[in-house]
Amino acid sequence: MLYEIECDLFAEAIDGQKVPRGKIGFHEGLNTVLGDKKAGNSIGKSTFLLAIDFCLGGDDYLDTDKNNIVSFVGNHVIKFAYKFGDKTEYYSRSTLNPNEVAVCNQDYSETGETMTLDDFKVHLKESYQIKTAQNSWRSIVGRYARIYGRGNYDEKFPLKYGDESMELAIMALEQLYGVYNLIKEYEDAYTAMNKRKTVRAKAIDLGEITTIATTQKQVKANEKEIARLEQELEELTAKEDSDIASQDTANLDHASEIKGQLTVLRRRRTRLVSQLNAIKANLAGGLSPTSDDIVELREFFPDVDIARLETIEQFHRKMQTILTDEMTDEVQKLELLIEAATAEMQKLEEEQRKLGIPTHVSKKFIDQTVSLRSRINFLKKQNEGYDAKKDLEKDTKAAKQRMESAREEQLQKIQAIINQDLRVCIGA
(Lines give C-alpha, C1' and ligand atoms only; values in the text may rest on other atoms or scores of the structure.)
Protein backbone atom coordinates (compact mmCIF):
# COMPACT_ATOMS: atom_id res chain seq x y z
CA MET A 1 0.00 0.00 0.00
CA LEU A 2 1.03 3.63 -0.41
CA TYR A 3 2.38 4.32 3.08
CA GLU A 4 3.30 8.01 3.09
CA ILE A 5 3.95 11.01 0.85
CA GLU A 6 6.11 14.09 1.37
CA CYS A 7 7.06 17.20 -0.57
CA ASP A 8 8.89 20.33 0.53
CA LEU A 9 6.13 22.41 -1.07
CA PHE A 10 3.29 20.79 0.91
CA ALA A 11 2.27 23.34 3.53
CA GLU A 12 -0.51 24.16 5.97
CA ALA A 13 -1.60 27.46 7.50
CA ILE A 14 -0.95 27.90 11.22
CA ASP A 15 -1.70 31.27 12.80
CA GLY A 16 -1.78 32.79 9.34
CA GLN A 17 1.61 31.39 8.45
CA LYS A 18 2.42 28.63 5.90
CA VAL A 19 4.21 25.80 7.63
CA PRO A 20 5.64 22.66 5.89
CA ARG A 21 3.31 19.72 6.33
CA GLY A 22 6.03 17.11 6.58
CA LYS A 23 5.14 13.48 5.95
CA ILE A 24 1.51 12.65 5.29
CA GLY A 25 0.76 9.06 6.28
CA PHE A 26 -1.92 6.68 5.08
CA HIS A 27 -3.57 3.77 6.83
CA GLU A 28 -5.29 0.67 5.55
CA GLY A 29 -8.90 1.10 4.49
CA LEU A 30 -10.58 4.38 3.61
CA ASN A 31 -8.50 7.56 3.82
CA THR A 32 -10.22 10.96 3.52
CA VAL A 33 -8.86 14.24 2.17
CA LEU A 34 -10.73 17.11 3.84
CA GLY A 35 -10.82 20.82 3.12
CA ASP A 36 -10.81 23.53 5.71
CA LYS A 37 -13.60 24.22 8.14
CA LYS A 38 -14.95 26.89 5.83
CA ALA A 39 -15.44 24.27 3.09
CA GLY A 40 -13.61 26.50 0.66
CA ASN A 41 -12.62 25.58 -2.89
CA SER A 42 -9.24 25.89 -4.64
CA ILE A 43 -7.32 24.93 -1.54
CA GLY A 44 -5.41 22.03 -3.10
CA LYS A 45 -7.54 18.90 -2.60
CA SER A 46 -7.52 17.93 -6.29
CA THR A 47 -3.83 18.83 -6.62
CA PHE A 48 -3.00 16.61 -3.66
CA LEU A 49 -4.98 13.72 -5.19
CA LEU A 50 -3.07 14.20 -8.45
CA ALA A 51 0.17 14.12 -6.45
CA ILE A 52 -0.90 10.76 -4.99
CA ASP A 53 -1.63 9.56 -8.54
CA PHE A 54 1.86 10.81 -9.50
CA CYS A 55 3.28 8.46 -6.86
CA LEU A 56 1.25 5.66 -8.43
CA GLY A 57 2.95 6.22 -11.80
CA GLY A 58 0.45 8.67 -13.29
CA ASP A 59 1.25 11.71 -15.44
CA ASP A 60 -1.82 13.91 -15.02
CA TYR A 61 -0.02 15.84 -12.25
CA LEU A 62 2.13 17.30 -15.05
CA ASP A 63 -0.71 17.90 -17.53
CA THR A 64 -1.24 21.65 -17.71
CA ASP A 65 -4.83 21.13 -18.87
CA LYS A 66 -5.59 19.26 -15.63
CA ASN A 67 -3.10 20.79 -13.21
CA ASN A 68 -0.77 23.78 -13.63
CA ILE A 69 1.06 23.47 -10.32
CA VAL A 70 4.51 23.39 -11.94
CA SER A 71 3.91 26.73 -13.65
CA PHE A 72 3.14 28.29 -10.26
CA VAL A 73 5.79 26.77 -8.00
CA GLY A 74 8.37 25.38 -10.44
CA ASN A 75 9.79 21.89 -10.67
CA HIS A 76 9.94 19.89 -7.47
CA VAL A 77 10.38 16.38 -6.08
CA ILE A 78 7.71 14.25 -4.47
CA LYS A 79 8.88 11.61 -2.04
CA PHE A 80 6.80 8.60 -1.14
CA ALA A 81 6.96 5.16 0.43
CA TYR A 82 5.17 1.86 -0.13
CA LYS A 83 4.68 -0.84 2.46
CA PHE A 84 4.31 -4.44 1.37
CA GLY A 85 4.03 -6.76 4.34
CA ASP A 86 6.92 -5.99 6.71
CA LYS A 87 8.96 -4.25 4.00
CA THR A 88 8.87 -0.51 3.34
CA GLU A 89 10.23 0.87 0.06
CA TYR A 90 11.21 4.54 -0.36
CA TYR A 91 11.21 6.44 -3.64
CA SER A 92 11.23 9.92 -5.14
CA ARG A 93 10.05 11.25 -8.48
CA SER A 94 10.84 14.64 -9.95
CA THR A 95 8.57 16.75 -12.17
CA LEU A 96 11.71 17.66 -14.13
CA ASN A 97 12.53 14.04 -14.99
CA PRO A 98 9.22 12.19 -14.49
CA ASN A 99 10.20 9.12 -16.55
CA GLU A 100 12.68 8.05 -13.88
CA VAL A 101 12.00 6.95 -10.30
CA ALA A 102 14.80 7.17 -7.75
CA VAL A 103 15.24 4.55 -5.03
CA CYS A 104 15.79 6.20 -1.64
CA ASN A 105 16.83 5.45 1.91
CA GLN A 106 14.50 5.86 4.87
CA ASP A 107 15.35 9.54 5.11
CA TYR A 108 14.66 9.94 1.36
CA SER A 109 18.27 10.43 0.46
CA GLU A 110 18.84 8.90 -2.96
CA THR A 111 20.80 5.63 -3.13
CA GLY A 112 21.93 6.24 -6.68
CA GLU A 113 19.74 3.41 -7.94
CA THR A 114 16.98 4.33 -10.37
CA MET A 115 14.37 2.57 -12.47
CA THR A 116 12.38 3.65 -15.47
CA LEU A 117 8.78 4.64 -14.92
CA ASP A 118 7.59 1.60 -16.92
CA ASP A 119 9.69 -0.75 -14.78
CA PHE A 120 8.39 0.97 -11.65
CA LYS A 121 4.77 0.38 -12.70
CA VAL A 122 5.53 -3.29 -13.40
CA HIS A 123 7.14 -3.51 -9.96
CA LEU A 124 4.05 -2.05 -8.30
CA LYS A 125 1.73 -4.49 -10.05
CA GLU A 126 3.89 -7.41 -8.93
CA SER A 127 4.23 -6.06 -5.40
CA TYR A 128 0.45 -5.70 -5.08
CA GLN A 129 0.29 -9.33 -6.28
CA ILE A 130 -2.14 -8.50 -9.07
CA LYS A 131 -2.50 -11.51 -11.35
CA THR A 132 -4.88 -10.04 -13.90
CA ALA A 133 -2.95 -10.45 -17.15
CA GLN A 134 -5.19 -8.28 -19.34
CA ASN A 135 -4.76 -5.12 -17.26
CA SER A 136 -1.76 -2.85 -17.04
CA TRP A 137 -0.99 -1.24 -13.70
CA ARG A 138 -2.29 2.15 -14.84
CA SER A 139 -5.48 0.74 -16.33
CA ILE A 140 -6.20 -0.69 -12.89
CA VAL A 141 -5.27 2.38 -10.84
CA GLY A 142 -5.52 5.42 -13.09
CA ARG A 143 -9.01 5.02 -14.45
CA TYR A 144 -10.56 4.77 -10.98
CA ALA A 145 -8.85 7.85 -9.54
CA ARG A 146 -11.79 10.28 -9.62
CA ILE A 147 -10.14 13.67 -9.57
CA TYR A 148 -11.50 16.95 -10.84
CA GLY A 149 -10.07 17.86 -14.25
CA ARG A 150 -9.44 14.30 -15.43
CA GLY A 151 -12.82 13.92 -17.14
CA ASN A 152 -13.75 10.73 -15.29
CA TYR A 153 -15.94 12.04 -12.51
CA ASP A 154 -19.34 11.77 -14.24
CA GLU A 155 -21.62 10.48 -11.52
CA LYS A 156 -24.01 9.07 -14.12
CA PHE A 157 -21.27 6.96 -15.74
CA PRO A 158 -18.83 6.23 -12.92
CA LEU A 159 -16.96 3.49 -14.82
CA LYS A 160 -16.08 5.61 -17.87
CA TYR A 161 -12.66 7.14 -18.31
CA GLY A 162 -12.54 10.12 -20.65
CA ASP A 163 -14.32 9.63 -23.97
CA GLU A 164 -14.17 5.83 -24.04
CA SER A 165 -17.37 3.85 -24.66
CA MET A 166 -19.28 2.15 -21.87
CA GLU A 167 -18.42 -1.20 -23.43
CA LEU A 168 -14.70 -0.57 -22.94
CA ALA A 169 -15.28 0.70 -19.41
CA ILE A 170 -17.22 -2.43 -18.47
CA MET A 171 -14.61 -4.63 -20.14
CA ALA A 172 -11.89 -3.03 -18.00
CA LEU A 173 -13.90 -3.87 -14.88
CA GLU A 174 -14.40 -7.46 -16.06
CA GLN A 175 -10.67 -7.79 -16.68
CA LEU A 176 -9.88 -6.35 -13.28
CA TYR A 177 -11.94 -9.00 -11.51
CA GLY A 178 -10.72 -11.85 -13.74
CA VAL A 179 -14.06 -12.75 -15.35
CA TYR A 180 -13.38 -11.29 -18.80
CA ASN A 181 -12.08 -14.55 -20.34
CA LEU A 182 -15.27 -16.38 -19.39
CA ILE A 183 -17.47 -13.65 -20.83
CA LYS A 184 -15.25 -13.37 -23.91
CA GLU A 185 -15.93 -17.00 -24.82
CA TYR A 186 -19.63 -16.19 -25.09
CA GLU A 187 -18.83 -12.89 -26.78
CA ASP A 188 -16.60 -14.55 -29.40
CA ALA A 189 -19.26 -17.15 -30.15
CA TYR A 190 -21.87 -14.43 -30.62
CA THR A 191 -19.50 -12.21 -32.66
CA ALA A 192 -18.60 -15.05 -35.04
CA MET A 193 -22.25 -16.01 -35.51
CA ASN A 194 -23.37 -12.43 -35.95
CA LYS A 195 -20.60 -11.87 -38.52
CA ARG A 196 -21.83 -14.88 -40.50
CA LYS A 197 -25.36 -13.52 -40.39
CA THR A 198 -24.23 -10.04 -41.48
CA VAL A 199 -22.01 -11.29 -44.31
CA ARG A 200 -24.75 -13.63 -45.51
CA ALA A 201 -27.33 -10.82 -45.48
CA LYS A 202 -24.94 -8.52 -47.36
CA ALA A 203 -24.23 -11.18 -49.99
CA ILE A 204 -27.96 -11.69 -50.47
CA ASP A 205 -28.56 -7.94 -50.84
CA LEU A 206 -25.75 -7.71 -53.44
CA GLY A 207 -27.08 -10.72 -55.35
CA GLU A 208 -23.96 -12.80 -54.64
CA ILE A 209 -26.14 -15.56 -53.15
CA THR A 210 -29.16 -16.52 -55.23
CA THR A 211 -29.90 -19.96 -53.79
CA ILE A 212 -31.95 -18.47 -51.00
CA ALA A 213 -35.49 -17.20 -50.74
CA THR A 214 -35.59 -13.78 -49.12
CA THR A 215 -39.19 -13.78 -47.86
CA GLN A 216 -41.84 -16.21 -46.68
CA LYS A 217 -43.93 -15.11 -49.67
CA GLN A 218 -41.17 -16.27 -52.02
CA VAL A 219 -40.99 -19.60 -50.18
CA LYS A 220 -44.71 -20.16 -50.78
CA ALA A 221 -44.34 -19.19 -54.46
CA ASN A 222 -41.40 -21.62 -54.80
CA GLU A 223 -43.44 -24.45 -53.26
CA LYS A 224 -46.22 -23.81 -55.77
CA GLU A 225 -43.72 -23.74 -58.67
CA ILE A 226 -42.05 -26.94 -57.44
CA ALA A 227 -45.40 -28.73 -57.43
CA ARG A 228 -46.09 -27.58 -61.02
CA LEU A 229 -42.66 -28.63 -62.28
CA GLU A 230 -42.88 -32.03 -60.60
CA GLN A 231 -46.22 -32.59 -62.31
CA GLU A 232 -44.66 -31.63 -65.66
CA LEU A 233 -41.77 -34.01 -65.02
CA GLU A 234 -44.19 -36.80 -64.18
CA GLU A 235 -46.11 -36.25 -67.43
CA LEU A 236 -42.84 -36.21 -69.41
CA THR A 237 -41.61 -39.46 -67.90
CA ALA A 238 -44.96 -41.12 -68.53
CA LYS A 239 -44.20 -40.82 -72.26
CA GLU A 240 -40.73 -42.31 -71.91
CA ASP A 241 -39.08 -44.28 -69.15
CA SER A 242 -39.77 -43.26 -65.55
CA ASP A 243 -36.72 -45.22 -64.39
CA ILE A 244 -34.53 -42.99 -66.53
CA ALA A 245 -36.09 -39.80 -65.17
CA SER A 246 -35.44 -40.98 -61.62
CA GLN A 247 -31.70 -40.98 -62.26
CA ASP A 248 -29.54 -38.40 -60.48
CA THR A 249 -29.31 -35.09 -62.27
CA ALA A 250 -25.55 -35.59 -62.51
CA ASN A 251 -26.07 -38.88 -64.39
CA LEU A 252 -28.57 -37.26 -66.72
CA ASP A 253 -26.20 -34.36 -67.34
CA HIS A 254 -23.45 -36.83 -68.19
CA ALA A 255 -25.76 -38.80 -70.45
CA SER A 256 -26.76 -35.61 -72.26
CA GLU A 257 -23.09 -34.80 -72.78
CA ILE A 258 -22.50 -38.31 -74.15
CA LYS A 259 -25.46 -37.89 -76.50
CA GLY A 260 -23.95 -34.70 -77.84
CA GLN A 261 -20.58 -36.41 -78.41
CA LEU A 262 -22.30 -39.32 -80.14
CA THR A 263 -24.11 -36.93 -82.49
CA VAL A 264 -20.81 -35.31 -83.48
CA LEU A 265 -19.17 -38.72 -84.00
CA ARG A 266 -22.07 -40.04 -86.11
CA ARG A 267 -21.90 -37.01 -88.37
CA ARG A 268 -18.15 -37.38 -88.70
CA ARG A 269 -18.43 -41.11 -89.45
CA THR A 270 -21.11 -40.49 -92.08
CA ARG A 271 -18.89 -37.90 -93.75
CA LEU A 272 -15.92 -40.31 -93.74
CA VAL A 273 -18.01 -43.13 -95.18
CA SER A 274 -19.22 -40.84 -97.99
CA GLN A 275 -15.62 -39.93 -98.83
CA LEU A 276 -14.62 -43.59 -98.79
CA ASN A 277 -17.45 -44.61 -101.11
CA ALA A 278 -16.57 -41.84 -103.58
CA ILE A 279 -12.91 -42.93 -103.71
CA LYS A 280 -13.85 -46.57 -104.15
CA ALA A 281 -16.17 -45.65 -107.01
CA ASN A 282 -13.31 -43.83 -108.73
CA LEU A 283 -11.03 -46.83 -108.32
CA ALA A 284 -13.61 -49.16 -109.85
CA GLY A 285 -14.61 -46.78 -112.64
CA GLY A 286 -12.13 -48.04 -115.39
CA LEU A 287 -12.02 -44.76 -117.33
CA SER A 288 -8.79 -45.45 -119.28
CA PRO A 289 -9.40 -46.03 -123.11
CA THR A 290 -8.47 -49.45 -124.67
CA SER A 291 -6.81 -50.24 -128.08
CA ASP A 292 -10.26 -51.00 -129.52
CA ASP A 293 -11.40 -47.55 -128.47
CA ILE A 294 -8.53 -46.00 -130.44
CA VAL A 295 -9.32 -48.10 -133.58
CA GLU A 296 -12.92 -47.02 -133.42
CA LEU A 297 -11.79 -43.43 -133.09
CA ARG A 298 -9.92 -43.74 -136.48
CA GLU A 299 -13.21 -44.61 -138.22
CA PHE A 300 -14.55 -41.20 -137.28
CA PHE A 301 -11.30 -39.30 -137.57
CA PRO A 302 -9.21 -40.94 -140.37
CA ASP A 303 -6.43 -38.35 -140.06
CA VAL A 304 -5.96 -38.73 -136.33
CA ASP A 305 -2.38 -39.29 -135.13
CA ILE A 306 -2.78 -42.66 -133.45
CA ALA A 307 0.87 -42.81 -132.38
CA ARG A 308 0.58 -39.51 -130.56
CA LEU A 309 -2.67 -40.61 -128.88
CA GLU A 310 -1.02 -43.80 -127.68
CA THR A 311 1.89 -41.76 -126.28
CA ILE A 312 -0.57 -39.53 -124.40
CA GLU A 313 -2.49 -42.58 -123.18
CA GLN A 314 0.69 -44.14 -121.85
CA PHE A 315 1.25 -40.97 -119.85
CA HIS A 316 -2.35 -41.21 -118.56
CA ARG A 317 -1.80 -44.82 -117.52
CA LYS A 318 1.28 -43.79 -115.53
CA MET A 319 -0.67 -40.99 -113.83
CA GLN A 320 -3.57 -43.37 -113.14
CA THR A 321 -1.16 -45.80 -111.49
CA ILE A 322 0.15 -43.02 -109.25
CA LEU A 323 -3.36 -41.77 -108.41
CA THR A 324 -4.57 -45.28 -107.80
CA ASP A 325 -1.80 -45.83 -105.29
CA GLU A 326 -2.65 -42.54 -103.56
CA MET A 327 -6.37 -43.33 -103.47
CA THR A 328 -5.64 -46.78 -102.10
CA ASP A 329 -3.64 -45.15 -99.28
CA GLU A 330 -6.50 -42.73 -98.70
CA VAL A 331 -8.98 -45.63 -98.54
CA GLN A 332 -6.85 -47.23 -95.82
CA LYS A 333 -6.68 -43.97 -93.87
CA LEU A 334 -10.43 -43.42 -94.14
CA GLU A 335 -11.15 -46.97 -93.04
CA LEU A 336 -8.91 -46.47 -89.99
CA LEU A 337 -10.67 -43.21 -89.13
CA ILE A 338 -14.09 -44.82 -89.56
CA GLU A 339 -12.99 -47.72 -87.39
CA ALA A 340 -11.73 -45.32 -84.69
CA ALA A 341 -14.97 -43.30 -84.80
CA THR A 342 -17.01 -46.50 -84.55
CA ALA A 343 -14.94 -47.68 -81.55
CA GLU A 344 -15.34 -44.33 -79.81
CA MET A 345 -19.11 -44.45 -80.41
CA GLN A 346 -19.30 -47.93 -78.94
CA LYS A 347 -17.27 -46.79 -75.93
CA LEU A 348 -19.58 -43.83 -75.32
CA GLU A 349 -22.70 -45.98 -75.74
CA GLU A 350 -21.32 -48.44 -73.20
CA GLU A 351 -20.57 -45.57 -70.82
CA GLN A 352 -24.15 -44.38 -71.19
CA ARG A 353 -25.52 -47.88 -70.52
CA LYS A 354 -23.44 -48.03 -67.32
CA LEU A 355 -25.27 -44.89 -66.18
CA GLY A 356 -28.48 -46.90 -66.46
CA ILE A 357 -29.66 -44.96 -69.49
CA PRO A 358 -30.28 -46.90 -72.73
CA THR A 359 -28.72 -45.51 -75.89
CA HIS A 360 -32.05 -45.29 -77.68
CA VAL A 361 -33.30 -42.52 -75.36
CA SER A 362 -33.37 -39.17 -77.14
CA LYS A 363 -31.16 -36.29 -76.12
CA LYS A 364 -34.20 -34.02 -76.11
CA PHE A 365 -35.87 -36.14 -73.43
CA ILE A 366 -32.72 -36.18 -71.32
CA ASP A 367 -32.24 -32.40 -71.68
CA GLN A 368 -35.87 -31.71 -70.74
CA THR A 369 -35.59 -33.98 -67.73
CA VAL A 370 -32.33 -32.33 -66.63
CA SER A 371 -33.83 -28.87 -67.05
CA LEU A 372 -36.89 -29.69 -64.96
CA ARG A 373 -34.90 -31.47 -62.28
CA SER A 374 -32.35 -28.64 -62.09
CA ARG A 375 -35.08 -26.02 -61.70
CA ILE A 376 -36.81 -28.06 -59.00
CA ASN A 377 -33.54 -28.53 -57.11
CA PHE A 378 -32.73 -24.81 -57.38
CA LEU A 379 -36.11 -23.81 -55.92
CA LYS A 380 -35.75 -26.37 -53.13
CA LYS A 381 -32.28 -25.00 -52.30
CA GLN A 382 -33.75 -21.49 -52.17
CA ASN A 383 -36.30 -22.63 -49.61
CA GLU A 384 -33.65 -24.55 -47.68
CA GLY A 385 -31.49 -21.42 -47.72
CA TYR A 386 -34.38 -19.42 -46.26
CA ASP A 387 -34.76 -21.98 -43.46
CA ALA A 388 -31.00 -21.90 -42.83
CA LYS A 389 -31.09 -18.07 -42.69
CA LYS A 390 -33.89 -18.16 -40.15
CA ASP A 391 -32.05 -20.80 -38.10
CA LEU A 392 -28.90 -18.64 -38.15
CA GLU A 393 -30.86 -15.60 -37.01
CA LYS A 394 -32.40 -17.66 -34.22
CA ASP A 395 -29.03 -19.09 -33.16
CA THR A 396 -27.44 -15.62 -33.25
CA LYS A 397 -30.17 -14.23 -31.03
CA ALA A 398 -29.71 -17.14 -28.60
CA ALA A 399 -25.92 -16.61 -28.58
CA LYS A 400 -26.44 -12.94 -27.77
CA GLN A 401 -28.79 -13.82 -24.94
CA ARG A 402 -26.25 -16.30 -23.52
CA MET A 403 -23.52 -13.64 -23.73
CA GLU A 404 -25.68 -11.03 -22.00
CA SER A 405 -26.77 -13.50 -19.32
CA ALA A 406 -23.17 -14.51 -18.63
CA ARG A 407 -22.10 -10.85 -18.44
CA GLU A 408 -24.99 -9.92 -16.16
CA GLU A 409 -24.25 -12.86 -13.86
CA GLN A 410 -20.54 -11.97 -13.59
CA LEU A 411 -21.22 -8.25 -13.13
CA GLN A 412 -23.62 -9.04 -10.31
CA LYS A 413 -20.84 -11.03 -8.64
CA ILE A 414 -18.44 -8.10 -9.12
CA GLN A 415 -21.05 -5.73 -7.70
CA ALA A 416 -21.43 -7.89 -4.62
CA ILE A 417 -17.64 -7.99 -4.11
CA ILE A 418 -17.31 -4.20 -4.51
CA ASN A 419 -20.18 -3.51 -2.11
CA GLN A 420 -18.72 -5.85 0.47
CA ASP A 421 -15.27 -4.25 0.17
CA LEU A 422 -16.82 -0.79 0.55
CA ARG A 423 -18.63 -1.88 3.69
CA VAL A 424 -15.32 -3.16 5.07
CA CYS A 425 -13.55 0.11 4.16
CA ILE A 426 -16.10 2.32 5.92
CA GLY A 427 -16.47 -0.11 8.82
CA ALA A 428 -20.17 -0.71 8.19
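Model, not experiment: these values are computed from the prediction.

Any chance you could explain the nonpolar core here in plain terms?
Grouped together as the largest cluster of nonpolar side chains are 31 residues, with contacts concentrated most on Ile5, Ile78, Phe80, Tyr82, Tyr91 and Phe120. Secondary-structure elements contributing two or more residues to this core are strand S1 (2–6), helix H1 (45–55), strand S5 (77–84), strand S7 (100–104), helix H3 (117–127) and helix H4 (137–141). Look past the residues within four positions of Phe80 in its chain and what remains in contact with it is Leu2, Glu4, Ile5, Cys55, Glu89, Tyr90, Tyr91, Ser92, Arg93, Val101, Tyr108 and Phe120. Formed by seven residues, the second largest nonpolar core is a distinct cluster that contains Leu229, Leu233, Leu236 and Leu372.

So what exactly am I meant to see when it comes to a negative patch on the surface here?
Taken together, Glu223, Glu384, Asp387, Asp391 and Asp395 make up a surface patch of like negative charges. At four residues, the largest contribution of residues to the negative patch is made by helix H12 (residues 363–426). With respect to the element layout, Asp395 can be found in helix H12.

Please clarify how the sheet that holds S5 should be interpreted in this entry.
Paired through backbone hydrogen bonds, the strands of a sheet run either parallel or antiparallel to each other. Taking strand neighbours across the sheet as the criterion, the six strands line up as S4-S1-S5-S6-S7-S8 in an open arrangement whose pairing is antiparallel. Each edge of the sheet is formed by a strand with only one pairing partner; in this case those strands are strand S4 (24–25) and strand S8 (110–116). Two strands pair when backbone bridges link them, and S1 and S5 are joined in this way by four bridges, in the antiparallel orientation. Paired with Glu6 across the strands is Lys79, a residue of S5. The sheet strands contacting H1 are S1, S4, S5 and strand S6 (87–94), and the helix crosses S1 at an angle near 120°. Set on the sheet, H3 makes contact with S5, S6, S7 and S8; between it and S8 the angle comes to about 90°.

Each value, and the rule that gives it
Residues numbered from 1 in each chain as written. Predicted model: local features only at pLDDT ≥ 70, side-chain atom pairs only at ≥ 80, totals over all residues. Heavy atoms only, no water. Core = buried A, V, L, I, M, F, W, Y, C linked by side-chain atoms within 4.5 Å. Buried < 20%, exposed > 50% of the residue type's maximum accessible area, 1.4 Å probe, protein only. Helix = DSSP H or I, 4+ residues; strand = E, 2+ residues; numbered from the N terminus. Contact = heavy atoms within 4.5 Å. Patch = residues over 30% accessible without salt bridge, like charges linked within 9 Å, V, L, I, M, F, W, Y side chains within 5 Å. Areas by Shrake-Rupley, 256 points an atom, 1.4 Å probe, with all protein chains shown as cover. Salt bridge = Lys/Arg side-chain N within 4 Å of Asp/Glu carboxyl O. Lys, Arg positive; Asp, Glu negative; His and termini not counted. Charge placed at Lys NZ, Arg CZ, Asp CG, Glu CD. Pairing = 2+ DSSP bridges. Axes fitted to C-alpha atoms, helices over the stretch in contact; angles between N-to-C directions.

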